[in-house]
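Structural description and commentary
Each chain is listed here by its residues.
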Amino acid sequence: MSKKFDVAVVGVSTLVGETLVTLLAEREFPLGKLHPLDSADAAGGRVEFKGSHLRVGDVARFDFSQVQLAFFCADAEISAVYVPRAAAAGCVVIDDSGLFRLEPDVPLVVAEVNPAALAGWQARRIIANPNACTVLMLTALKPIYDAVGITRVNVATYQAVSGVGRAGLEELGRQTADLLNMRGLETPVFSRQIAFNILPVIGELEDNGYTREEMKMVRETHKILGDETIGVNPTTVRVPVFYGHAMALHIETRDRITAARVAELLQDAPGVDATEPFPSPVTEASGEDAVFVGRIRADLSYQNGMNMWLVGDNVRKGGALNCIQIAQVLVKDYM
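Owing to the predicted nature of the structure, the values given are computational and were not obtained by experimental measurement.

What follows is about the overall build of the chain. Secondary structure summary: the chain contains 8 helices and 14 strands in total. For the chain, whose C-alpha radius of gyration is 20 Å, the value lies close to the compact-globule estimate of 20 Å for 335 residues. If you line up the chain on its principal axes, its C-alpha atoms span 60 × 55 × 40 Å. When burial is assessed residue by residue, the chain has 53% of its 335 residues classed as buried. Partitioning the intrachain contacts of the chain with sequence separation of at least 6 by distance along the chain shows that 67% fall at a separation of at least 24.

Let us now look at the nonpolar core. In a soluble, globular protein the nonpolar side chains are often hidden away together inside. With 59 residues, the main nonpolar core has F64, F72, M137, L141, V153 and M308 as its most contacted residues. Those residues in contact with M137 that lie beyond four places of it in its chain are V153, V155, M217, T221, M247, L249 and L310. Core analysis: the next-biggest nonpolar cluster, separate from the first, contains 41 residues, C73, V92, F190 and I326 among them.

Across all of its chains, the model carries 19 salt bridges by this definition. A salt bridge links E220 to R101; its shortest N-O distance comes to 3.3 Å. Residue E220 is located in helix α5 (residues 212-225), and its partner R101 is located in the loop between β7 (92-95) and β8 (126-128); the two are separated by 119 residues in the primary sequence. Where D255 meets R254, a salt bridge forms, and the shortest distance between an N and an O atom there is 3.3 Å.

The next point concerns the environment of K3. Note on placement: K3 falls in the segment before β1 (5-10). K3 sits 74 residues away from E77 along the chain, and the two C-alpha atoms are 33 Å apart.

With that settled, the discussion passes to the packing of aromatic side chains. With the rule as written, the count across this model stands at 3 aromatic pairs. Each ring, one from F64 and one from F72, has its centre 5.9 Å from the other, and the planes form 25 degrees; the classification is stacked. Judged by relative accessible area, which is 2%, F64 ranks as buried. Accessibility expressed as a relative area gives 0% for F72, which makes it buried. Cluster of aromatic residues (ring-pair linked, three or more members): F62, F64 and F72.

A word on the layout of surface pockets. Estimated volume of the largest pocket: approximately 1,300 Å³. Forming the boundary of the largest pocket are 46 residues, of which S97, G163, V164, E213 and K216 lie nearest the centre. For the lining of the largest pocket, the elements supplying multiple residues, two or more each, are α1 (15-26), α2 (76-88), α4 (166-180), α5 and α8 (316-333). Of the residues forming the lining of the largest pocket, the biggest block, 5 residues, is contributed by α5.

What counts and how
Residues numbered from 1 in each chain as written. Predicted model: local features only at pLDDT ≥ 70, side-chain atom pairs only at ≥ 80, totals over all residues. Heavy atoms only, no water. Helix = DSSP H or I, 4+ residues; strand = E, 2+ residues; numbered from the N terminus. Rg over C-alpha atoms; globule rule 2.2 N^0.38 Å. Buried < 20%, exposed > 50% of the residue type's maximum accessible area, 1.4 Å probe, protein only. Contact = heavy atoms within 4.5 Å. Core = buried A, V, L, I, M, F, W, Y, C linked by side-chain atoms within 4.5 Å. Salt bridge = Lys/Arg side-chain N within 4 Å of Asp/Glu carboxyl O. Phe/Tyr/Trp six-rings, centres within 6.5 Å; stacked < 30°, edge-to-face > 60°. 1 Å grid on protein atoms, 1.4 Å probe; cavity = no way out; pocket = protein on both sides within 12 Å on 5 of 7 lines; lining within 4 Å. Points joined across faces, edges and corners; volume = space filled by probe spheres on them.

Okay, structure coming up:
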């Protein structure tokens, strides 16, 4: 009989938390007992899991020594308090908040890209899930990086409102209805109207003029690939789409490669679907596990340049699924 693991999911009311619980069942994780947890104001409800309804506990009252593994899908404020507490209790934590991503003794892992980094899990008993855009981008770029090297990545992201959680979904839906019914708009979540609009800034600006969201992609790419020589030049944009991030990628490779060879590499790459030439967030990516890549073509302006378009479900693949995949490698190879 295979070993089973008791698991806590902190933040089950979030979009990533809900999806993660669903995936624990779908992917047949070797689960013993599941403990759904949330902050006090969200505790007390019920979560459906494999035909049963489990009560949501208060994370502040939970004894993490009861479980071997904890997924944190809540915000950074909750992770700051309870992730160290869970690790100190002997639990292994996979954290999606972003709080620990750049700490040198915390593995930052994309399952298809650098699973070997999990060998360092015992240093802190904390493993970080990257930013959703980083997960999607590096899943697609890793085969090319391994084959011919990548010297520069110029990327523009077109990010769904679910990237900020349920409040983003509700604001887009509400604004769309209000505009269609000639009512005034409120903007409590985004800085200005998001319905029928595009916002060219995500997150606070840093001193260099790039946003925090953009600099996440730079710093996380360097850490995950272990290569700070790669130039990463991002522009992040919020678009009125519910689920599914998209990216226009323009890369420069160390050695020359043809578009046909890139397509071959991606067709064989784990986690990638390169069969649709023009994938879209809604039609292909939403609710799916794969990163979809299309519009693969040589750059007209640079001999070692390659252009492509990718889409992926930011909540599923960029958040919950990568966490589950990390856990699957962890329990198979290290625990």
